[in-house]
Amino acid sequence: MNLIKSIIEWFEIAKPEPTLKDVAMQVGVHFEEVAEMMEATNNDSTETYELAEFYKQGYGNDNLINFDHLALLDALCDQIVTAIGVGTLLGYDMEQALAEVNHSNWLKFATDERGNFVPYLQPNGKIGKNPETYQAPNLTPYLKPLNPDLDNSNGGSHEYHHW
């Protein structure tokens, strides 16, 4: 199965009839991942974590009622493309890493007596990590050490610039 289709199927099983609360939760989780990227790149993520919590706790629902759907779709697609670009330029095997994360996400589900996937839901409605089935992704094989020749186009200096 195509990897993107598998991710879409995962969400369709996890939330077959998504509510506004579910959308707000997912927006919050998305901002949480942005905050983790900010931390990983040595940036202050405090406000981004606060924004993530704002949505995850349902306070952002009003923001999701009347908004520019076309602009959001464009931004989401651009985020996917730029995320793959960052990883690719750093030498990461993005396709295999994404497959590993997707596999790990499927392990958040249990199965019922008929073999159907059943999401493990936390009290707040977020899809949780089923303690009986979940295994964290092992992304180490998909890393490649940063090429020391990469620089900031200023003669090889590796200065950190905070924009």
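What counts, and where the lines are drawn
- Residues numbered from 1 in each chain as written.
- Predicted model: local features only at pLDDT ≥ 70, side-chain atom pairs only at ≥ 80, totals over all residues.
- Heavy atoms only, no water.
- Patch = residues over 30% accessible without salt bridge, like charges linked within 9 Å, V, L, I, M, F, W, Y side chains within 5 Å.
- Areas by Shrake-Rupley, 256 points an atom, 1.4 Å probe, with all protein chains shown as cover.
- Salt bridge = Lys/Arg side-chain N within 4 Å of Asp/Glu carboxyl O.
- Helix = DSSP H or I, 4+ residues; strand = E, 2+ residues; numbered from the N terminus.
- Phe/Tyr/Trp six-rings, centres within 6.5 Å; stacked < 30°, edge-to-face > 60°.
- Buried < 20%, exposed > 50% of the residue type's maximum accessible area, 1.4 Å probe, protein only.
- pLDDT = per-residue confidence, 0-100.
- Contact = heavy atoms within 4.5 Å.
- Axes fitted to C-alpha atoms, helices over the stretch in contact; angles between N-to-C directions.
- Parallel < 35°, antiparallel > 145°, perpendicular 65-115°, else oblique.
- Left-handed = near helix turned anticlockwise from the far one by under 90°.
- Nonpolar A, V, L, I, M, F, W, Y, C, P; charged D, E, K, R; others polar.

1. Describing a nonpolar patch on the surface
Line of reasoning, step 1. Taken together, I4, I8 and L98 make up a surface patch of nonpolar side chains, about 240 Å² in accessible area.
Line of reasoning, step 2. Locating I8 in the fold gives a position in helix α1 (residues 3–14).

2. A look at the pattern of salt bridges
Line of reasoning, step 1. Enumeration over the complete set of coordinates arrives at 4 salt bridges.
Line of reasoning, step 2. Among the salt bridges present, the one from K15 reaches D22, with a minimum N-O distance of 3.1 Å.
Line of reasoning, step 3. With a shortest N-O distance of 3.7 Å, E32 and K126 are connected by a salt bridge. Placement of E32 in helix α2 (residues 20–40) and of K126 in the segment after β2 (117–118) is noted, with a sequence separation of 94 residues between them.
Line of reasoning, step 4. Among the charged side chains, a salt-bridge network with shared partners connects E32, E53, K56 and K126.

3. Details of the packing of aromatic side chains
Line of reasoning, step 1. Tallying each qualifying case throughout the model produces 8 aromatic pairs.
Line of reasoning, step 2. Plain terms: the ring middles of W10 and F109 are 5.3 Å apart, the flat faces sit at 20° to each other, and that makes the pair stacked. A residue pair is termed long-range when its members are at least 10 positions apart, and W10 in helix α1 and F109 in the loop between α5 (94–106) and β1 (110–111) qualify at 99 residues.
Line of reasoning, step 3. What makes W10 buried here is its relative accessible area of 6%.
Line of reasoning, step 4. By relative accessible area, which is 3% here, F109 ends up buried.
Line of reasoning, step 5. A network of ring pairs unites the aromatic residues W10, F11, W106, F109 and F117 as a single cluster.

4. Things to note about the confidence of the model for the chain
Line of reasoning, step 1. Overall, the predicted model of the chain reaches an average pLDDT of 89, with 88% of residues at or above 70.
Line of reasoning, step 2. The weakest mean pLDDT in the chain belongs to β1 at 90; the strongest belongs to helix α4 (residues 69–89) at 97.
Line of reasoning, step 3. Confidence over residues 154–163 falls short of pLDDT 50; this stretch has 15 contacts with residues more than four positions distant or in other chains.

5. Digging into unusual backbone geometry
Line of reasoning, step 1. Residues other than glycine seldom take positive phi values, yet N42 does so here, at roughly 65°.
Line of reasoning, step 2. Relative to the helices and strands, N42 resides in the loop between α2 and α3 (46–56).
Line of reasoning, step 3. A relative accessible area of 62% means that N42 is categorised as exposed.

6. Some words on the packing of α2 against α3
Line of reasoning, step 1. Contact pair α2 / α3: the axes reach a minimum separation of 7 Å and the direction vectors enclose 165°. On the basis of the axis angle, α2 is roughly antiparallel to α3. Handedness of the crossing formed by α2 with α3: left-handed. From α2, A24, M25, V27, G28, V29, F31, E32, V34, A35, E36, M38 and E39 reach across to α3, where they touch T48, Y49, L51, A52, E53, Y55 and K56.
Line of reasoning, step 2. Among the residues making up the contact of α2 with α3, the classes are represented as 12 nonpolar, 2 polar and 5 charged.

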